[in-house]
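Structural overview
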Amino acid sequence: MTPADLLAGAVLAALVCYALSGGADFGGGIWDLLASGPRKREQRDLVEHAIGPIWEANHVWLILVVVVLFTGFPPAFAAVSTTLFVPLTLLLVGIVLRGAAFTFRSHGDSRDAVQARWGLLFSGSSVLAPLLLGACVGAIASGRLRVTAEGMPRSSPGAWLGPFPVAAGAFACALFAFLAAVYLAVEARGALQEDFRRRALGAGAAVFLGAAACALLSWREAPIVFAGLTSRGWSLPLQVATGAAAAGAFAALFRRRYGLARLAAAAQVGLIVLGWGASQHPYLVVPDLTIEAASAPRATQVPLLWALGIGAATLIPSLWLLFRVFKGRTAGSPGGT
Amino acid sequence: MTDLDAARWLFGTSLAFHILFAAVGVAMPVLMVLAEWRGRRARSAVHLELARRWAKGTAILFAVGAVSGTVIAFELGLLWPRFMAFAGPIIGMPFSLEGFAFFAEAIFLGIYLYGWERVSPRLHLASGVLVAASGALSAFFVTLANAWMAHPAGFDLVLGRPASLRPLEAMFPPGWAHEVVHVLLSCYAATGFAVAGIHAFFLRRAPGHAFHRAALGIALAVGGGAALLQPLSGDFSARELARTQPVKLAALEGHFETRRGAPLHVGGLPDADARVTRWALEIPRGLSLLAFHDPDAEVKGLSEFPREVWPDPLKVHLAFQVMVGLGTAMAALALVALGLAWRARAVPGHPLFLLAVTAAGPCGFVALEAGWLVTEWGRQPFTIWGVMRTAEAVTPVPNLAVAFWAFAALYLFLGAMVALLLWRQILRAPPAPGSPESPRGAAP
Ligand code: HDD
Ligand code: HEM
Ligand code: HEM
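Okay, so let's go over this structure. (Residues numbered from 1 in each chain as written. Chains lettered and ligands numbered in written order. Predicted model: local features only at pLDDT ≥ 70, side-chain atom pairs only at ≥ 80, totals over all residues. Heavy atoms only, no water.)

Regarding the site of ligand 3
Residue and element names in this part refer to chain B. Around ligand 3 sit 21 residues in total, of which Arg8, Glu376, Arg379, Gln380 and Thr383 are the nearest. Within the side chain of Arg8, a nitrogen or oxygen atom sits 2.5 Å from an oxygen atom of ligand 3. The side chain of Thr390 places a nitrogen or oxygen atom 3.5 Å from an oxygen atom of ligand 3. Those elements that place two or more of their residues in the shell around ligand 3 are helix H1 (3-41), helix H4 (121-150), helix H12 (363-379) and strand S9 (382-384). Per-class residue counts for the shell around ligand 3 are 12 nonpolar, 5 polar and 4 charged. (Near = heavy atom within 4 Å. Polar contact = N/O pair within 3.5 Å; in protein donor to acceptor, adjacent residues only side chain to side chain. Helix = DSSP H or I, 4+ residues; strand = E, 2+ residues; numbered from the N terminus. Nonpolar A, V, L, I, M, F, W, Y, C, P; charged D, E, K, R; others polar.)

Listed below in structure tokens is the structure:
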């Protein structure tokens, strides 16, 4: 294990955390957009109630990924920033509109028409953002982005767009919607809980289809990832574990064991992100930048690891407190009947 | 608009926008905590209500601060990838630590804003203190990175590339202390004055209103205290600049010829081609006195340096005059407030005083923006002084003007919405408990 490997592992771990927390926030926004039926209003209220206190903290994982990337792997950051200029800029617009609209809706004018307008902006950008995020990941994995050793682009600004990135974007939306529905089912009560149980089952089916589509497409469109997913020593165990988590989540949902379903769904999503990272190892940006080639000097990486360690020591207890206060057993929720 | 110009405009606009919310995010938690603390200690319902109201406004401002900060984190790469590829490994340390400060800030703000009924009063107040501390810490770290750009340290330059990196040395480059102190004070001064201005405005309409008086007291204490220290800290900054960044000092003073006993230019327009500053009020030996605390000291002028490393002295000097002018006025008003409060042993309520505080409301933020322009324009034409020019840092991606206009429109929209929401929230404030009369009821 070199410091570079450890740092790359930290980036991946932060991405897993982002998917599990920030991803679910996006998913909540998707369910806000798709709210329907007699309990439309309650569904939206539950989403708002669930996200309110935590979305800003959840979002910082993404910032952490950015800073660790530019400190520890500067050419990779340059490569991603230049070749993905268009989707990242759109992603930013989405992130800004989403956060702002969510807050304006919660704290602003309570008239229905105004609320509905902010709600639409919030939920619309909640679809846009994971779509673009997924597309960026897809583009990085596919090998469409060609760069120099310094991370300056050799491909055209439109190179990121293709079938595999689009499929990855759609898959990310399905995955986050699934995760959010499971989390929300835990927090809801009564009929509302049934609403989200049904949504979780539906979204779970969409995740399955999305995964199949991505796997098929990767055969031609992202050969390195395809090889990683199918023909390495750990490929089979990882696939089996992911499949088992997915099956477990489904079974728990069927039997209305929501706490268990949350655990299994989180494991499933975490394993999928890990699987992506592991399958493109040792590349950071396929096929031109490996972890080793993109590494900052050791003199930077070692102190950075220390900083991450010290940071984590302050972060973990704080996060634990936050989630205990708002998501703990006694927290309760007014979202139920 | 060339791509370089578009990148500058976009980045400058994004930061000028973000810094407003960031400054509020640093200072507002201090105000909230003070109000809540008084409320709990003195069992003052008015102060508790005040803490809640302030928290509501802060929630909106903080959210916009968080999303606009995210934009900047990405824009560092989107607009200046070569700068980041060069500087990332050297100054990534403060940015990474800043990331954890953001975490702490966001986590405890969540507990503070949404936890009134969920956590014990102690934990609630402690969360507020942690938000205030981590806000100051995040400003501290990011300012270190900015100080490094003006005076790079902690690496050797070998064939145009950084070598033998010393990240810990880079974290505290020469000149970090003055900048950090001045930036932190500016957040408290600007926010304190803005909040004081708003409540003074309402006090003029409803004299004696307990809610607004409590608010004015706290805001003036924080803002006025910082404003009194600001000129001292600014003087420290100027002396440090004389030592570490003489070109910037010369530009911001409109000082062209190196000389002993250099005069201070108040106002005036520097003319870079003619190398003179016209129409300024000259205070003999003033600059030597301020920059070195010695009326006969030699101060280097711009002519000492090749023209290619000059920033535009006109822009930098004007921005500097705005900051110093407003800073002086704010400090003077803070002194008056201190005197009045001392005599009355209470929050002063004289209508003329309230008028002055209302008028001074925006001054802190104007001074803060102007001061940042001094620093950023004063570093040009370099991004990393003496090492990398701005033109070398910019991205090769074309059509940046499109992104600039899109974000400009976005910021304008967000700014307008925030102003509208806050205004509504303030107007809708029902009569505070214990107030003699209610403020205006409904929104217009
Ligand atoms: C409330 C805002 C505010 C006020 C009242 C003042 N300043 Fe300031 N000033 C800033 C807010 C600011 C800042 C936060 O915008 C800057 C930009 C970067 C920095 O270090 O602080 C700044 C920079 C800055 C610099 C350049 C430092 C550098 O580039 O490293 C100098 C020399 C001064 N200031 C001096 C003063 C003086 C002599 C003041 C006297 C009244 C003053 N400032 C009031
Ligand atoms: C290159 C410059 C900057 C970058 C990359 C940056 C980045 C960010 C990011 C990513 C956030 C969001 C954190 C969250 O989600 O909670 C943020 C918020 C914040 N930033 Fe900045 N920022 C910059 C400049 C500044 C400056 C100059 C200051 C202060 C002097 C500052 C102080 C803050 C504070 C206090 C917050 C907390 C959120 C708030 O209060 O609104 N930042 N910044
Ligand atoms: C600590 C925080 C900050 C950092 C790390 C930072 C960093 C940078 C960088 C990398 C550039 C681009 C390269 C260059 O033009 O030199 C830049 C330019 C600029 N920044 Fe900052 N900045 C900070 C704070 C601010 C603030 C608060 C403002 C608000 C007014 C600001 C205004 C500008 C402007 C106007 C430019 C364009 C300068 C020009 O090209 O003429 N910056 N800054």
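We are not done yet, so read on.
Here's the deal with the coordination of the iron atom of ligand 3
A four-donor tetrahedral metal ideally has 109.5 degree angles, and a six-donor octahedral metal ideally has angles of 90 or 180 degrees. With respect to protein ligation, the iron atom of ligand 3 binds only Glu376 of chain B (OE), at 2.1 Å. Relative to the assigned elements, Glu376 of chain B resides in helix H12. (Donors = N, O, S within 2.8 Å, 3.2 Å for Na, K, Ca; no water.)

Some remarks on the coordination of the iron atom of ligand 1
Residues and elements named next belong to chain B. For the iron atom of ligand 1, the full set of protein donor atoms is His182 (NE2) and Met323 (SD), and the range of their distances to it is 2.0 to 2.3 Å. Metal-centred angles of 80 to 180° between the 6 donor atoms at the iron atom of ligand 1 mark the site as octahedral. Here His182, found in helix H6 (residues 176-205), pairs with Met323, found in helix H10 (residues 313-344); they are 141 residues apart in sequence, far enough to count as distant. Met323 matches His182 in its accessibility class, with the two residues each being buried. (Tetrahedral: all angles 85-135°; square planar, octahedral: opposite > 155°, others 65-115°. Buried < 20%, exposed > 50% of the residue type's maximum accessible area, 1.4 Å probe, protein only.)

Describing the nonpolar core
Phe73, Leu84 and Phe104 of chain A together with Trp54, Phe83 and Trp148 of chain B are the most contacted members of the largest nonpolar core, which totals 234 residues. Top contributing element to this core by residue count: helix H2 (residues 45-79) of chain B, with 19 residues. Excluding its chain neighbours within four sequence positions, the residues that come into contact with Phe83 of chain B are Gly88, Trp148, Met149, Thr383, Ile384, Met388 and Ala393 of chain B. Among the nonpolar cores identified, the runner-up in size contains 26 residues, and Leu249, Leu287, Trp310 and Val374 of chain B belong to it. (Core = buried A, V, L, I, M, F, W, Y, C linked by side-chain atoms within 4.5 Å. Contact = heavy atoms within 4.5 Å.)

No statement about biological role is implied by the geometric values presented.
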